[in-house]
Amino acid sequence: MKKLTVLALCSLAFHAHAAEFQSGWQGSRQWIGPEYWASPIYDWETKDGAVEVTALPNRLLHSLSHHVTSPADGFTATVEVEFLSEQKIQSPAKVWAGFAVGVRGMMEDPRHVAVWPTKRFNAGIRADGSLVLGNGKDASGKLAGEGPVLLELTAADGKLILKASRGGKSVTAEMDMPVEELRGNVCLTADSPRRPGNPLGPLKARFKSWKMAGEGLTETGVKPFGPILWTQYTRQGNKVKLSAQMPPIGAEDAQEVSLEIRDGGGAWRSVGKAGIDPLARTAVFSFDLPSDIGTWEYRARYPWQGAKREWKGKFIDDPAVSGTPLKIAVMSCDNGYAFPLPTLTRNVILQKPNLVFFAGDQIYESYGGFGIVREPVETAMLDYLRKFYQFGWTWRELLKDCPSIILPDDHDVFQGNLWGAGGRHTKLDTDGGYVMAPEWVKAVERTQTAQLPDPVDPAPVAQGIGVYFTRMQWGGVPMAILEDRKFKSGPNTILPENRFKLTPEGTDVPGASLLGERQEKFLTRWAESTRDVPLRLVLSQTIFCKGHTHGGPELKKGGYDWDSNGWPRSGRQRALRPLMGDNTVMLHGDQHLGLMARQGVDDWNDGPWAFMVPGTANGWPRAWWPPDGRITGNFTDPFGNKLTVLAAANPEKGSNSMDPTKTDPPELTAQKKGSGHGLVTISPDRKSARFEMFRYQFDAAKPAPSDQFPGFPQTLEFK
């Protein structure tokens, strides 16, 4: 590789109380470290103690530990930069590297800014030796020649000065300090007109020894993110399954995570070690606690740069043993624009659930920008992980102490809709099957479901893709955990081209599958074994009917929705028939709309109850606005399925036009678009349950009736 070496160094005018930052990169790996967020992760890597990035638009490495809060008080930054290219750099005047300062977004949280930056101020050097400063103001000349270049950026005394020098020669760019433009995150960045796959090969920038200091620089308060990013677990009696999510470590890094437990503050005892999956980057533990009663502390440990890093949490006691209510927080469909959901996560933690259920779409393809990478598999997995890491970053403080059930849905596997058709490969999702490579799909499912109890029927489906449908007991309540999507038929392969013109009876064609034969048998056996309990739960991605009337950017009235579990109707009937009666409650997400209903099989009110929650940050809008103006009562969906609606959590009219990425506050957008979460509180005797549907914006420390959507809470009694 030919190299153009540039040393970017800022004069460090330290003050008595100045904050200081210094990079400490060691080794080689895809991941930069716990104090950084790389956008996107697959274009950055540490290499021999430096950081390299492919020079492309909007490539930013954010410092999570420090940011500029008071530019007028002055700050400095230091980094060594080196351009790397296999060939002579084309258009060197358009290639540059250095700093992005004053990086801000639609929310103040540095984590949000790292994922959704909207503003920045640039300061760096071009490959032709000229300088970049903010609005394009250039130096009076170029620094010609070869060898290291000293680049000084100084914000002080009302001026912003960028100076480059080598061997006694220098060029300088200067401007009045744009104070408001300099407040925010500080990043390293490299930019060029090239695009991925350029025939000239990658053009990279290499950074070393990044330092910052000054009175205007402060610590962000953001906790380091890694090397153990978070944990998620389930517990049944003394049986625990735990998954620790890791970053993309290097070949020379430790390849195992260790786990230790203790009871009542006693001595730590080892559970063992688990290897890190090379694609999913998870370490999974399955073990028995010494006792099936009581709360146990745990700590996952990993050696990182000469020290043991820990992530601690608790295996809480079963509510059935402690005689307390079973409190389940239910979430789904986070469109990502309000990351990291600060108001909602605070409220859920304050509500103290003892089980959390994420019903699907933990991520969307649009998360953090940069589109979708579908191949090769390794890069595609890094693209998924950078998105899934945002889910864990959002919820890790809850997940470490609370058992969780997490089900991947269509967007989690990079599909707008998923008709799994038994796991086969497809190029078009409506044909049925998986678009992504099978090893990628298996890795995605591992990241989200590895902590679930073992599957009841573990045989893989087509392409070797695994299954995770299973049963669980928690809080004295038996639960069936389903896979709505994996066995469902694709409409293109089972329905005629004119399917939208068919009668409801005509859509219910022979051979159409919903849950599939294996899952239907499991559900029938489970239903029979739990028939006499006061209350049982079924958890799945979506409701077993078409649970909305309007949808899309203009919230138009719609007809058939093949993605809903209202189709195919015969499969829907077979699934619900074993669950008929008063003692079954189904929990769902998916529709971006909250709904409390009872599903009918042969008649209204003879089937299971359904509690479907809105998105935590609704994107694609949907609503329940029946044409006669009623919200509640008996209805028949377009496929002929009966349902009785008790309450609905609709968006505000007009909210579908809001833009949280450019013009509208993200959390206000979430509120108006009907975002929120559900909370199910089941009494200690398991004979009653309270169903609450909370709006996005409220204060759980000071609850009020207006916190919930109209018609909530709802309370059910069970015999």
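Residues numbered from 1 in each chain as written. Predicted model: local features only at pLDDT ≥ 70, side-chain atom pairs only at ≥ 80, totals over all residues. Heavy atoms only, no water.

Here we come to the nonpolar core. Ranked by internal contacts, the top residues of the largest apolar core, which has 78 residues, are Tyr384, Trp395 and Trp440. Secondary structure elements with two or more residues in this core: α1 (110-115), β24 (326-331), α4 (342-351), β25 (355-358), α5 (377-399), α6 (438-449), α9 (516-529) and α10 (569-576). For this core, the leading source of residues is α5, giving twelve residues. Counting residues in each nonpolar core, the second largest holds 60 residues, with Leu289, Phe611, Val613 and Leu716 among its members. (Core = buried A, V, L, I, M, F, W, Y, C linked by side-chain atoms within 4.5 Å. Buried < 20%, exposed > 50% of the residue type's maximum accessible area, 1.4 Å probe, protein only. Helix = DSSP H or I, 4+ residues; strand = E, 2+ residues; numbered from the N terminus.)

Applying the stated criterion to the full structure yields 33 aromatic pairs. Between the aromatic rings of phenylalanine 388 and phenylalanine 391, the centroid separation amounts to 5.3 Å while the plane-to-plane angle is 15°, which identifies the pairing as stacked. Pair noted here: phenylalanine 388 and phenylalanine 391 are both in helix α5, with a separation of three residues, about one helical turn. In this structure, phenylalanine 388 and phenylalanine 391 share a single accessibility class: buried. Sitting over the face of the ring of tryptophan 609, arginine 598 holds its NZ or CZ atom 4.6 Å from the ring centroid. Here the basic side chain of lysine 653 rests over the ring of tryptophan 625, its NZ or CZ set 4.9 Å away from the ring centre. (Phe/Tyr/Trp six-rings, centres within 6.5 Å; stacked < 30°, edge-to-face > 60°. Lys NZ or Arg CZ within 6 Å of the ring centre and 35° of its normal.)

The peptide bond linking glycine 226 to proline 227 adopts the cis configuration, its omega dihedral lying at 5°. In this fold, proline 227 is placed in the loop between β16 (217-219) and β17 (230-236). Residue proline 340 follows phenylalanine 339 across a cis peptide bond; omega there is 5°. Following the sequence through the fold, proline 340 ends up in the loop between β24 and α4. The phi angle at alanine 421 is positive, at roughly 50°, despite the residue not being glycine. You can see alanine 421 is positioned in the loop between β26 (404-406) and α6. Its relative accessible area of 26% is what places alanine 421 among the partly exposed residues. A positive phi angle is found at leucine 555, which is not glycine, with a value near 50°.

A few words now on the side chain of lysine 204. Counting through the fold element by element, lysine 204 comes out in strand β15 (residues 203-214). Discounting residues that sit within four places of it in the chain, lysine 204 has contacts with Glu45, Glu52, Val53, Thr54, Ala55, Glu82, Phe83 and Leu84. (Contact = heavy atoms within 4.5 Å.)

Ordered in space as β20-β19-β22-β23, the four strands form an open sheet in which the pairing is antiparallel. One side of each edge strand has no neighbouring strand; the edge strands of this open sheet are β20 (269-275) and β23 (307-315). Each strand axis lies, on average, 25° off the axis of its neighbour in the sheet, ignoring direction. Pairing between strand β19 (residues 256-262) and β20: six bridges, direction antiparallel. Paired with valine 257 across the strands is alanine 274, a residue of β20. (Pairing = 2+ DSSP bridges. Axes fitted to C-alpha atoms, helices over the stretch in contact; angles between N-to-C directions.)

Think of it this way: side chains of opposite charge can pair up when their charged atoms draw near. Tallied over the entire structure, the rule returns 41 salt bridges. A salt bridge links arginine 29 to aspartate 253, with the nearest nitrogen and oxygen atoms 2.7 Å apart. Of this pair, arginine 29 sits in the loop between β2 (19-22) and β3 (36-39) while aspartate 253 sits in the loop between β18 (239-245) and β19, placing them 224 residues apart in sequence. We classify arginine 29 as buried; its relative accessible area is 7%. (Salt bridge = Lys/Arg side-chain N within 4 Å of Asp/Glu carboxyl O.)

Right, let's get into α4. Turning to α4, its buried residues number three or more, namely Leu344, Thr345, Asn347, Val348 and Gln351. Projected onto a plane normal to the axis of α4, the buried residues spread over an arc of 160° and lie on a single side. Those residues of α4 that are buried are in contact with β24, α5, β38 (676-682) and β39 (688-695). (Arc of directions from axis to C-beta.)

What follows deals with the sheet that holds strand β28 (residues 477-481). Strand order in this open sheet of eight strands is β27-β28-β29-β32-β34-β33-β37-β36, and the pairing throughout is mixed. Looking at which strands have only one partner, the edges of the open sheet turn out to be β27 (470-474) and β36 (633-636). Adjacent strand axes in the sheet meet at a mean angle of 25° when their direction is disregarded. Here β27 runs beside β28; their pairing, made up of five bridges, is antiparallel. Note that in β28 the partner of arginine 471 across the bridge is alanine 480. In the packing of α9 onto the sheet, contacts are made with β27, β28 and β29 (536-539), and the angle to β28 comes to roughly 175°. Strands β32 (584-588), β33 (594-600) and β37 (642-649) of the sheet are contacted by α10, whose axis makes an angle of about 85° with β33.

Let us now look at the state of the cysteines. Scanning the entire structure with this criterion turns up zero disulfides. We note that cysteine 545 lacks a disulfide partner, and the nearest cysteine sulfur, in cysteine 333, lies 15 Å from it. Look at cysteine 545 and you get buried, because its relative accessible area is 0%. (Disulfide = S-S within 2.5 Å.)

Axes are the key here: two packed helices are described by the angle between their axes and the distance separating the axes. α6 packs onto α5 with a crossing angle of 25° between their chain directions and a minimal axis gap of 10 Å. The orientation of α5 relative to α6 falls into the category roughly parallel. Crossing geometry of α5 relative to α6 is assigned as right-handed. Each of Val377, Ala380, Met381, Tyr384, Leu385 and Phe388 in α5 lies in contact with α6, whose residues at this interface are Glu439, Trp440, Ala443, Val444, Thr447 and Gln448. (Parallel < 35°, antiparallel > 145°, perpendicular 65-115°, else oblique. Left-handed = near helix turned anticlockwise from the far one by under 90°.)

This next bit is on the side chain of serine 39. Within the secondary structure layout, serine 39 lies in strand β3. Within the structure, serine 39 has its side chain in polar contact with the side chain of tryptophan 37 (distance 3.4 Å). Discounting chain neighbours no more than four positions away, the residues touching serine 39 are Trp44, Asn58, Arg59, Leu60, Ala114 and Phe370. (Polar contact = N/O pair within 3.5 Å; in protein donor to acceptor, adjacent residues only side chain to side chain.)

This next bit is on the pairing of β3. Each regular strand displays side chains that alternate between the two surfaces of the sheet. Neither face of β3 is exposed, since Tyr36 and Ala38 on one face and Trp37 and Ser39 on the opposite face are all buried. The sheet contact formed by β3 and strand β6 (residues 60-68) spans four bridges and is antiparallel. Following the sheet pairing, tyrosine 36 is matched in β6 by serine 63.

Here we take up the environment of glutamate 297. In this structure, glutamate 297 sits in strand β22 (residues 296-304). Once the C-alpha coordinates of glutamate 297 and arginine 262 are considered, the two residues, 35 residues apart in sequence, prove to be 5.3 Å apart.

Turning our attention to the environment of threonine 681. Along the chain, the position of threonine 681 falls in strand β38. Taking C-alpha positions, threonine 681 is 8.3 Å from glutamate 692, a pair spaced eleven residues apart along the chain.

Averaged over every residue, the pLDDT of the chain is 94; the share at 70 or more is 96%. Here residues 1-16 is modelled with pLDDT under 50, and outside its nearest four sequence neighbours on either side it reaches 64 contacts, counting other chains as well. (pLDDT = per-residue confidence, 0-100.)

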